[in-house]
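Topology and contacts: notes
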Amino acid sequence: MLERTHGNAPLAEIQDLGVRFVGREATVHAVNGVSFAVRAGEVLCILGESGSGKSVTLRALMRLLPRQARIEGSVRIGNEDVLAMPARQLRDLRGGLVSMIFQEPMTALDPVYTVGQQIGETLCRHSGMTRIPARARALELLELVRIPSPERRLDAYPHELSGGLRQRAMIAMALSCNPRLLLADEPTTALDATVQVQVLILLRRLQRELGMGMIFVTHDLGVAAEIADTIAVMYAGRIVESGPVAAVLGAPAHPYTQGLLASTVHGQPRDRDIDAIPGSPPDMRKLLPGCSFAPRCAQRLPACRLHTPEARWPAPDHMAACLRVPASLG
Amino acid sequence: MAVIDTDKPILDARDRGGPAQPLLIARDLKKHFPVKGARGKSVQAVDGVSFDVQKGETLGIVGESGCGKSTLARLLLHLVVPDAGELVFDGEGVDTPDGIRVDALRRQVQMVFQDSYASLNPRMPIRDSVAFGPFIQGKKKPAAREIARDTLRKVGLDPELFGPRYPHELSGGQKQRVNIARALATGPRMVILDEPVSALDKSVEAQVLNLLRALKRQFNLTYVFISHDLSVVQYISDRVLVMYLGRVVELGPADAIFDKPQHPYTQALLGSRPSMDPARRIEEPPITGDPPNPIDPPSGCRFHTRCPFAEPVCETRDPPLGFWRGGEAHAAACHMLDPHSGHSLARDA
């Protein structure tokens, strides 16, 4: 077992992360200066709509980005500088210290190997186990993620499992080398409602029992409310609001978060329109100066178009990047 | 609650049966798809589904993946021909000798699909895509183009700006508006919406839902709205039909379904909804496991393998869809509701 960090030292610290995809015709500014930290035992939810840069941010933490991506800033995980790491060390990091689960287990798992073989391979690669103990450990892992009749499932191919079981098998594989940080990219989005809640409860339980840090990317406010300790709301490649889940969802300070809450359908009266946010997210190839949300914002000021609003703090642990938020503590 | 929007009389020259005649009646619809390589086996996608759609209402259909809701949508338009069962549109049997022909049905019923990009021709500017329906149905080209311009305006897209564009130049929300415009361009009385907002971001989803509600009022439309998202169905529907593995398990007014769900599956679905409140998280999943494979569905009540209240009777006998406790409007198919079923938890109504 790896030693676990206790106390307050962050497990992962990301500073001023920027990701650009440079193409022949245009450059996409996917992530534009994102900073956050995650401690052991903490769940950070990155909440955002498609194109907000939430998945790119997550992938940048493991440098799982295509070659045309230009990454800037600093990513430190457990005292290691991930962006400066040589390829060999990076391979040790991935699946060892940090591992990741994806939205679509059918494409993340290899269709031509059984679940047991795939979990075993990870174990052999990272902890030097031989085949037989690896199989025993794989069985333990399937039990850990509560797969019914795990002996039988070890020899099953991914297509023989239901969506929920496949997702559990992927979680088992991600946990196989006792990662200290688990990255989850919309792991419940493709699942049915009755299965989604099972996987969420499982992830919450495992994260707590194993004391892992977790970064969970989602577009779904309800899912974030179920699993997050802290939330970071992303819009156009920036974190526009962050703080404890109860504060961000209970008293959102940024107009975008407020709009997102109002436009999410959850028991609004049927005879009235939903308060939708007008317009659509900006084109990440041609970002304008100023607050990216300003063109859609009902509360915008002339100054919003001039420069990117800096962080303001409605409470010591609650940040919102908006000129409308009082600059000093009230 | 009003099932039918009564503030506007339904005036339509094509109306044959009058306001009391359901616009669409489905009786015992059945569609089994044979499975390749497995002799005699089939996916029982829709297995004996019956319901009415009243004029002017929105009927929501919910269920998990594989429950047959999308096949059902296609059956209603004969995009997939049912193996058995009948469809009656405004009093006329669909595809029967003295009834309404399928092409005539499709003039009055249109459909919007989930994948807004795949449903548009990538090589056609959107004004042509929208004009295509009216043109095929006999309008001259200039008239069809005029209809397209007008309909694009009604879904909130400037025809001068967006008309010449191709689908890949539009955002997801804009493409879905084009699909809605295309469905409306032929002047349908009924629109079947198959997961129309599921692929959209939340902020755009709200815009499209508002648009759909406004268009329904403006054109006196009747909607069949299919979704896996209970909150969206609750918001948009007058009545709700809950499907599980090809069967109807519950059908009733939206308020009744959401306030007093009768079927254990509906209760589990509602209990699986995230709370939106971090102080009231779901601690235990309402049911375990995944929906079973629709090839070889469980015997008797198809939900018995996951139902916390299942007893031997549930395994052997099919529960009928009946009106038990909810009066004449609210039906459910569960042995616990039927006092004579032999289930130990069955009570007198």
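Residues numbered from 1 in each chain as written. Chains lettered and ligands numbered in written order. Predicted model: local features only at pLDDT ≥ 70, side-chain atom pairs only at ≥ 80, totals over all residues.

**Looking at the overall build of chain B**
The number of helices and strands found in chain B is 11 helices and 12 strands. Taking 349 residues into account, the globule formula puts the C-alpha radius of gyration at 20 Å, and chain B, at 21 Å, falls close to it. By principal-axis analysis of the C-alpha atoms, chain B measures approximately 70 × 55 × 50 Å. Counting across all 349 residues of chain B, residues that qualify as buried make up 49%. Considering only contacts in chain B between residues 6 or more positions apart, those separated by 24 or more positions represent 64%. (Helix = DSSP H or I, 4+ residues; strand = E, 2+ residues; numbered from the N terminus. Rg over C-alpha atoms; globule rule 2.2 N^0.38 Å. Buried ≥ 20, exposed ≤ 12 C-beta atoms within 10 Å, placed from the backbone. Contact = placed C-beta atoms within 7 Å.)

**As for the nonpolar core**
Counting residues in each nonpolar core, the largest one holds 98 residues, and the members touching the most others are B:Leu76, B:Leu209, B:Val224, B:Leu241, B:Val248 and B:Val249. Here this core gets 6 residues from one element, more than from any other, and that element is strand β2 (residues 42–53) of chain B. Apart from the residues within four sequence positions on either side, B:Leu241 is in contact with B:Phe51, B:Leu59, B:Gly60, B:Ile61, B:Val248 and B:Leu251. In this structure, A:Met100, A:Leu142, A:Cys322 and A:Leu323 belong to the second largest nonpolar core, which totals 95 residues. (Core = buried A, V, L, I, M, F, W, Y, C linked by C-beta atoms within 7 Å.)

**Brief notes about the interface of chain B and chain A**
Interfaces are frequently sized by the accessible area removed from exposure as the parts join. Contacts between the two partners involve 37 residues from chain B and, on the opposite side, 37 residues from chain A. At the level of elements, α7 (202–219), α8 (230–236) and α10 (264–271) of chain B are the ones that each hand at least two residues to the side of chain B that touches chain A. Considering every element that reaches the side of chain B that touches chain A, the biggest residue donor is α7(B), with 8 residues. Residue composition of the side of chain B that touches chain A, grouped by class: 17 nonpolar, 12 polar and 8 charged. (Nonpolar A, V, L, I, M, F, W, Y, C, P; charged D, E, K, R; others polar.)

**Topic: the packing of helix α3 (residues 126–136) of chain B against helix α6 (residues 172–184) of chain B**
Residue and element names in this part refer to chain B. The N-to-C vectors of α3 and α6 enclose an angle of 25°; their axes lie 7 Å apart at closest approach. Looking at the two axes, α3 sits roughly parallel to α6. The chirality of how α3 crosses α6 is right-handed. Listed contacts from α6 to Ile126, Ser129, Val130 and Gly133 of α3 are Val178, Ala181 and Arg182. Looking at side-chain class alone, the contact of α3 with α6 contains 4 nonpolar, 2 polar and 1 charged residues. (Axes fitted to C-alpha atoms, helices over the stretch in contact; angles between N-to-C directions. Parallel < 35°, antiparallel > 145°, perpendicular 65-115°, else oblique. Left-handed = near helix turned anticlockwise from the far one by under 90°.)

**Some thoughts on the sheet that holds strand β5 (residues 92–93) of chain B**
All names here are of chain B. Reading across the sheet, the 4 strands line up as β2-β1-β4-β5 and stay open at both edges, with antiparallel pairing between neighbours. The sheet is open, and its two edges are formed by β2 and β5, each paired on a single side. Bridge analysis of strand β1 (residues 24–34) against strand β4 (residues 84–89) gives 5 bridges, and the strand direction is antiparallel. Looking across to β4, one finds that arginine 27 is bridged to glutamate 86. (Pairing = 2+ DSSP bridges.)

**As for the packing of helix α11 (residues 255–263) of chain A against α7(B)**
At a minimum axis separation of 8 Å, α11(A) and α7(B) run at an interaxial angle of 45°. Of the possible angle classes, the one that applies to α11(A) and α7(B) is oblique. Taken as a pair, α11(A) and α7(B) cross one another with a handedness that is left-handed. For the pair α11(A) and α7(B), the contacting residues are A:Gly259, A:Leu260 and A:Ser263 in the first and B:Lys202, B:Ser203 and B:Ala206 in the second. When grouped by side-chain class, the residues that make up the contact of α11(A) with α7(B) number 2 nonpolar, 3 polar and 1 charged.

**Some remarks on the sheet that holds strand β12 (residues 330–332) of chain B**
Residues and elements named next belong to chain B. Read from one edge of the open sheet, 8 strands run β6-β7-β8-β3-β9-β10-β12-β11, paired in mixed fashion. Each of the sheet's edge strands pairs with one partner strand only, and the pair in question is β6 (109–112) and β11 (322–326). Pairs of neighbouring strands in the sheet enclose a mean axial angle of 25°, with direction left out of account. Bridge count between β11 and β12: 2 bridges; the pairing is antiparallel.

**Overview of helix α5 (residues 131–144) of chain A**
Residues and elements named next belong to chain A. Over its 14 residues, α5 extends 20 Å from the first C-alpha to the last, a length consistent with the 20 Å expected when each residue adds 1.5 Å. Every buried residue of α5 is listed here: Ala134, Ala138, Leu141 and Leu142. All buried residues of α5 fall inside an arc of 100° around its axis, so they share one side. Exposed side chains of α5 directed beyond 90 degrees from the buried face belong to Ile132 and Ala136. On its buried face, α5 sits against α4 (115–127), α6 (150–154) and α7 (163–175). Looking one or two residues beyond α5, the residue adopting positive phi is arginine 146, at roughly 60°. (Expected span 1.5 Å × (residues − 1). Arc of directions from axis to C-beta.)

**Regarding the confidence of the model for chain A**
Residues with a pLDDT of 70 or more make up 97% of chain A, whose mean pLDDT is 92. Taken as a whole, residues 1–6 of chain A scores under 50 in pLDDT and shows 9 contacts with residues more than four places along the chain or in a different chain. (pLDDT = per-residue confidence, 0-100.)

**Considerations on the environment of B:Lys260**
All names here are of chain B. As for its placement among the helices and strands, lysine 260 is situated in the loop between α9 (254–259) and α10. Here lysine 260 falls in the partly exposed class, since 13 other C-beta atoms lie within 10 Å of it. For the pair lysine 260 and glycine 326, spaced 66 residues apart in the sequence, the C-alpha separation amounts to 8.9 Å.

**A short note on unusual backbone geometry**
All names here are of chain B. The phi dihedral of leucine 245 is positive, around 45°, even though this residue is not glycine. One can find leucine 245 in the loop between β9 (239–244) and β10 (247–253). Overall, leucine 245 belongs to the buried group, with 24 C-beta atoms counted inside 10 Å. In this structure, aspartate 296 takes a positive phi of about 60° despite not being glycine. The topology assignment puts aspartate 296 in the loop between α10 and α11 (312–316).

**Some remarks on the confidence of the model for chain B**
Residues shown with low pLDDT carry predicted positions that ought not to be read at fine detail. Residue and element names in this part refer to chain B. Looking at chain B, the pLDDT average stands at 92 and 96% of residues meet or exceed 70. Low confidence marks residues 1–6, where pLDDT is under 50. Its contacts with residues over four positions away, or in another chain, come to 12 contacts. In the model output, the complex is listed with pTM 0.90 alongside ipTM 0.87.

**Things to note about the pairing of strand β2 (residues 27–38) of chain A**
Residues and elements named next belong to chain A. Both strand β1 (residues 12–22) and β2 contribute to a ladder of 9 bridges, which runs antiparallel. The residue of β2 that forms the bridge with valine 19 is valine 31. Between β1 and β2, which pair antiparallel in sequence order, lie 4 residues.

**Considerations on the environment of B:Asp194**
All names here are of chain B. Within the secondary structure layout, aspartate 194 lies in strand β7 (residues 190–194). Considered as a pair, aspartate 194 and lysine 216 are 22 residues apart in the sequence and their alpha carbons are 16 Å apart. With residues near it in sequence (within four places) discarded, aspartate 194 still touches Ser70, Ala73, Met111, Val112, Phe113, Gln114 and Ile226.

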